[in-house]
Amino acid sequence: MANLKEEVEALRSIAAELTAQVEELKPLEGKLAAALKTIEELNATIADQKKELGSLRGQCAEFKGKLPINQEELQDLIKDTINESFKDVKIAMPGVAGDGGDFAGDDFAEEGAGEAAAPSGDEFGFSESGKDEFGF
């Protein structure tokens, strides 16, 4: 029996030690619960942000490699470039007053000289007298 009494005393001392440890850990239990709640909230926030990031990546993919431009500025640049390129070019048209001697299409004008000219008022050569079965 003495042996049983010693065992009971040993168990009581172990129980007392464990009770002391539990009392020490009780304040940490509340902190742990608060930390777990914060972790869950942060994980939910991260999941939402990942969804939003995926959406934004999809929107940005449309613009990959493209640069934002000012449409009006680009149009002005194109107009200025065209005007600068053609400012010294002279266009001579047969039958128009001016310098027609340097016209590159003089050969074409000579070929068509034998054909009948369109009547006055018919600028495109579609006169009533020359209509064929298709209306030309």
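Novice: Got a minute to help me understand the overall build of the protein in this structure?
Specialist: Helix and strand counts for the protein come out as 3 helices and 0 strands. Starting at the N terminus and walking to the C terminus, you meet the elements of the protein as α-α-α. Burial status across the protein gives 3% buried among its 136 residues. Carbon and sulfur atoms provide 59% of the accessible area of the protein, an area that totals close to 13000 Å².

Novice: How should helix H2 (residues 71-86) be read in this particular structure?
Specialist: An α-helical segment advances 3.6 residues per turn. Residues three or four places apart therefore align on the same side. Along its 16 residues, H2 runs 23 Å from first to last C-alpha, staying within 8% of the 22 Å computed at 1.5 Å per residue. Along H2, only 0 of the 16 residues are buried, which leaves the element largely exposed.

Novice: Would you explain the pattern of salt bridges in this entry?
Specialist: Counting across every chain of the model gives 2 salt bridges. Glu9 is the salt-bridge partner of Arg12, the closest N and O atoms lying 3.7 Å from each other. Of this pair, Arg12 and Glu9 both sit in helix H1 (residues 2-61), 3 residues apart, which is roughly one turn of that helix.

Novice: Just to check I follow, could you spell out the confidence of the model for the protein for this structure?
Specialist: Regions with low pLDDT should not have their predicted coordinates read in detail. Overall, the predicted model of the protein reaches an average pLDDT of 76, with 67% of residues at or above 70. Within the protein, the element-level pLDDT minimum falls on helix H3 (residues 106-111), averaging 50, and the maximum on H1, averaging 90.

Novice: I'm lost on a negative patch on the surface in this one. Help?
Specialist: A contiguous patch of negative charge, built from Glu72, Glu73, Asp76 and Asp80, is present on the exposed surface. Position of Asp80 among the secondary structure elements: in helix H2.

Novice: What exactly am I supposed to notice about H1 here?
Specialist: Helix length check: H1 (60 residues) gives 83 Å between terminal C-alpha atoms against 88 Å at 1.5 Å per residue, within 8%. At Lys26, H1 shows its strongest bend, of approximately 35°, with the proline Pro27 following within four residues.

Calculation notes
Residues numbered from 1 in each chain as written. Predicted model: local features only at pLDDT ≥ 70, side-chain atom pairs only at ≥ 80, totals over all residues. Heavy atoms only, no water. Helix = DSSP H or I, 4+ residues; strand = E, 2+ residues; numbered from the N terminus. Buried < 20%, exposed > 50% of the residue type's maximum accessible area, 1.4 Å probe, protein only. Areas by Shrake-Rupley, 256 points an atom, 1.4 Å probe, with all protein chains shown as cover. Expected span 1.5 Å × (residues − 1). Salt bridge = Lys/Arg side-chain N within 4 Å of Asp/Glu carboxyl O. pLDDT = per-residue confidence, 0-100. Patch = residues over 30% accessible without salt bridge, like charges linked within 9 Å, V, L, I, M, F, W, Y side chains within 5 Å. Lys, Arg positive; Asp, Glu negative; His and termini not counted. Charge placed at Lys NZ, Arg CZ, Asp CG, Glu CD. Bend = angle between axes of the 7 residues up to and from the residue.

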